[in-house]
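Descriptive structure summary
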Amino acid sequence: MGHIAEEERMGVAMTVRAAEPRRAAREELELAERAGAGDAEAFGELFERHRHKARGLAERLTGDAHMADDVVQDALIRAFLHLGTLADTSRLLPWFYRIVRNQANMKLRRGGPYRKERPFNSLAAPGGRDAAAADWDDLDSILSRLAGRASQEASSSQDPAALLLRKETYETIHALLHCLSGKERGIFTAYFFRQHRPEEIAGMYGMTTGSIYTYIHRSRQKLRQEHIRASLGLMPDAKRGAGMENGKLLELAAGEGDQPKLFTLASSLGRILRTNGEPRSGAELMGTSGLAFRMSISEKTTFSDGLYIFDWRSSIQELMAEYEYETAFCCGQLADSPVPLLGAVESFPVVLPIEEAVLPFIRSRIDAGLPVLYFDTLASRPFIHEWSVIYGYDDKRRIVHVTDPVQSTGKMLAYEDVADNPIRFLAAFSRKGNRSPVSRPAADSEAERRFAHAVRYGISFANEGSRYRPRTSYLSYATGLAAYDAWIRHLADPDTAPNRYGMGQLAAAYAEAKRYAGEYLRAAPLRGEAMRMALLASEAYEQTALALEELSLQVPFVKTAEVMPPGLREGCISLLRKAKRFESAAVGYMEQAWKRRIEERDGEDEEA
């Protein structure tokens, strides 16, 4: 019997081990699909798993550990930038390893026989009369010499068109490089033309290797933007009309304690309203916008993108119209770049990564004293992307001043960072006409109307879900009370590994939302039985928030790759079921409050 039991245990263990590769393959396919849709979080998680293997491949191909690091770094950048061109996401990893091989081979060719791919540093200094024709330590001199030689050879060559094209290429490179600062140009030249390693360049400039990589990345961005400008015949930004302001910094209202921390759309809009002298509480903004009553969970896994999947333009425009503001938008999705949160921005036009397409919008609004709502994909950790406010710009330093959910003093973003944001979404708000003072009865009536609209929205969203649907077929979300079931399903499935980071953000954010829902209902402009029902709904939402806060303590909102053990999953499922019971009760009480309000109104009309 003991033998049989031992064999059974070994059989189970072998079955589990055999299932693990299949589970990992399914997880990686799912991550690949998410990455292909522009999810930066999924991309990072997927390639973090393969970075070590990719580096091993690069080192075997190059025989040099330092060169292998460069190969993998370049391959990751290329893969991320061109991810949107991959038709079959199941081929993502073979495609990535092919990029690694190509990058390694290119590095080796540049260091060995050059054939037709001769880098500039491979051009040996000539002898004789040509020796003085160029300073071979100076890129300007090299490019000028090559352009001149191509022009001379074109007159006698059998293919003068090809040589003239080469001349034009040299001249274009020469012109584009002048968009870089002296230091950027030196680092860029050392890396791309003289083939120095980043570690060597760091020593030359007394900087860290990480800083060198940052300079190289920013230089690439600048050159790409300058090339687009040249292609379109646009005036360089430095040649803007004389007499225009060089910058402006608005005095932005300080953040207040009652504003949301995780629903940064509401807190950013609240800050803009406070700056305009119209303070609104976090509960009012969360309730009136409907954010307090929303819940959206991906059908794929526990990524936190469901928090952002709604119609941004109409939701923001409708909310600000409630406070008598008109909204102007500047939005788009970047060409040739993986776009995160595709389900929310897929209808945006495709735009170019150039400053002329976005900076004039910022300047004109800031000059008019209007802060700008901005979707920031460079938010500080633990956030990945969040809503913020641009409240200043400086043309001399080429930066904008931006709020950040983590940095209370805000931060600065380079113009290049704003132009290269894969999601371009900015909104500015101006008051409608000349608003006259509103009487107290009229203001009370408006507050009651807004409350009635919010309650109807909350009931509809909970029972029927969101009407907003991504057009992209492979993106789908469970919304309303049904979102709890999808969330529980992800945790209960033994063949999937829930995304722990996303779990932490979802739990913390929805706990905050439900607490605001309770606070909003406590201030309901109701009376009698309708008010009693609203208070019961408020209490039920408070209990929902407590259950989700406990879940947030179990799975904190921090960046981690830790796998959730079975015991933790079961505890989370129990808390989600508890939260759903309380929220279902809250929705029922809201329905009763709405019914009583209608009955009381009908009774008042009959008496009148």
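Before reading on, note that the structure itself is shown above.
Residues numbered from 1 in each chain as written. Predicted model: local features only at pLDDT ≥ 70, side-chain atom pairs only at ≥ 80, totals over all residues. Heavy atoms only, no water.

1. Some words on the overall build of the chain
Broken down by element type, the chain carries 20 helices and 10 strands. Expressed as a percentage of its 608 residues, the buried residues of the chain come to 49%. Restricting the contact set of the chain to residue pairs at least 6 apart, pairs at least 24 apart contribute 72%. (Helix = DSSP H or I, 4+ residues; strand = E, 2+ residues; numbered from the N terminus. Buried < 20%, exposed > 50% of the residue type's maximum accessible area, 1.4 Å probe, protein only. Contact = heavy atoms within 4.5 Å.)

2. Remarks on helix α10 (residues 264-275)
If you check α10, its first and last C-alpha atoms are 16 Å apart, about what 12 residues at 1.5 Å a residue would give, namely 16 Å. Where burial is concerned, most of α10 is hidden: 11 out of the 12 residues are buried. Turning to α10, its buried residues are T264, L265, A266, S267, S268, L269, G270, R271, I272, L273 and R274. Here the buried face of α10 lies against α11 (282-289), α12 (312-322), β3 (325-334), β5 (372-376), β6 (386-394) and β9 (423-431). Note on α10: the residue one or two positions beyond its end, G277, has a positive phi of about 80 degrees. (Expected span 1.5 Å × (residues − 1).)

3. Description of the pattern of salt bridges
Summed over the entire model, instances satisfying the criterion amount to 22 salt bridges. With a closest N to O distance of 3.0 Å, E299 and R489 form a salt bridge. Linking E299 in the loop between β2 (296-298) and α12 with R489 in helix α17 (residues 482-492), this pair joins segments that are 190 residues apart in sequence. Overall, the relative accessible area of 34% leaves E299 in the partly exposed class. Residue classification places R489 among the partly exposed positions, given a relative accessible area of 46%. D376 is the salt-bridge partner of K411, the closest N and O atoms lying 2.6 Å from each other. Within this pair, whereas K411 is found in strand β8 (residues 411-414), its partner D376 is found in strand β5, the two being separated by 35 residues in sequence. Linked by salt bridges that have partners in common, E322, E446, R449 and R450 make up one network. (Salt bridge = Lys/Arg side-chain N within 4 Å of Asp/Glu carboxyl O.)

4. Overview of the nonpolar core
Among the nonpolar cores identified, the biggest contains 115 residues, and W312, L373, F425 and W487 are the most heavily contacted of them. The element that contributes the greatest number of residues to this core is helix α18 (residues 500-522), accounting for 13 residues. Ignoring any residue separated from it by four or fewer positions in sequence, one finds W312 in contact with L341, A344, V345, F348, F375, W387, I423 and F425. In this structure, F47, A79, L93 and A104 belong to the second largest nonpolar core, which totals 23 residues. (Core = buried A, V, L, I, M, F, W, Y, C linked by side-chain atoms within 4.5 Å.)

5. Remarks on the packing of α11 against α18
Each packed pair of helices is defined by two parameters, the angle between the axes and the distance between the axes. Across the interface, α11 lies against α18 with an axial gap of 8 Å and an inter-helix angle of 100 degrees. Viewed along their axes, α11 and α18 adopt a mutual orientation that is roughly perpendicular. Together, G282, A283, E284, M286, G287 and T288 of α11 and A513, Y516, E519 and Y520 of α18 make up the contact between the two elements. In terms of residue class, the contact of α11 with α18 is made up of 5 nonpolar, 3 polar and 2 charged. (Axes fitted to C-alpha atoms, helices over the stretch in contact; angles between N-to-C directions. Parallel < 35°, antiparallel > 145°, perpendicular 65-115°, else oblique. Nonpolar A, V, L, I, M, F, W, Y, C, P; charged D, E, K, R; others polar.)

6. Focus: the side chain of D395
You can see D395 is positioned in the loop between β6 and β7 (399-402). Judged by relative accessible area, D395 falls into the buried class, the value being 14%.

7. Thoughts on the state of the cysteines
Throughout the structure, instances matching the rule amount to 0 disulfides. The thiol of C330 is unpaired, and the distance to the nearest cysteine sulfur, on C331, comes to 7.0 Å. (Disulfide = S-S within 2.5 Å.)

8. Some words on α12
Buried within α12 are the following residues: W312, S315, I316, L319, M320 and E322. For α12, the arc enclosing every buried residue in end-on projection is 150 degrees, short of the 170-degree limit, so these residues lie on one face. Directly beyond the C-terminal end of α12, a positive phi value near 65 degrees is found at E324. (Arc of directions from axis to C-beta.)

9. Examining unusual backbone geometry
At the junction of R381 and P382, the peptide bond is cis and its omega measures out at 10 degrees in the coordinates. Residue position: P382 is located in the loop between β5 and β6. Although it is not a glycine, E324 sits at a positive phi angle of roughly 65 degrees. One non-glycine residue, L341, lies in positive phi territory at about 55 degrees. Its location among the elements puts L341 in the loop between β3 and α13 (342-345).

10. Some thoughts on the packing of aromatic side chains
All chains considered together, the criterion is met by 18 aromatic pairs. With 6.4 Å between their ring centres and 70 degrees between their planes, F293 and Y520 make a pair best called edge-to-face. Linking F293 in the loop between α11 and β2 with Y520 in helix α18, this pair joins segments that are 227 residues apart in sequence. Residue classification places Y520 among the buried positions, given a relative accessible area of 9%. Summarising the aromatic geometry, the rings of F375 and W387 are spaced 4.9 Å apart at their centres and angled 75 degrees between planes, so their arrangement reads as edge-to-face. Of this pair, F375 sits in strand β5 while W387 sits in strand β6; the two residues are 12 residues apart in sequence, bridging distant segments of the chain. In this structure, F375 and W387 share a single accessibility class: buried. Through pairs of rings, three or more aromatic residues link up here, namely Y308, W312, F329, F348, F375, W387 and F425. (Phe/Tyr/Trp six-rings, centres within 6.5 Å; stacked < 30°, edge-to-face > 60°.)

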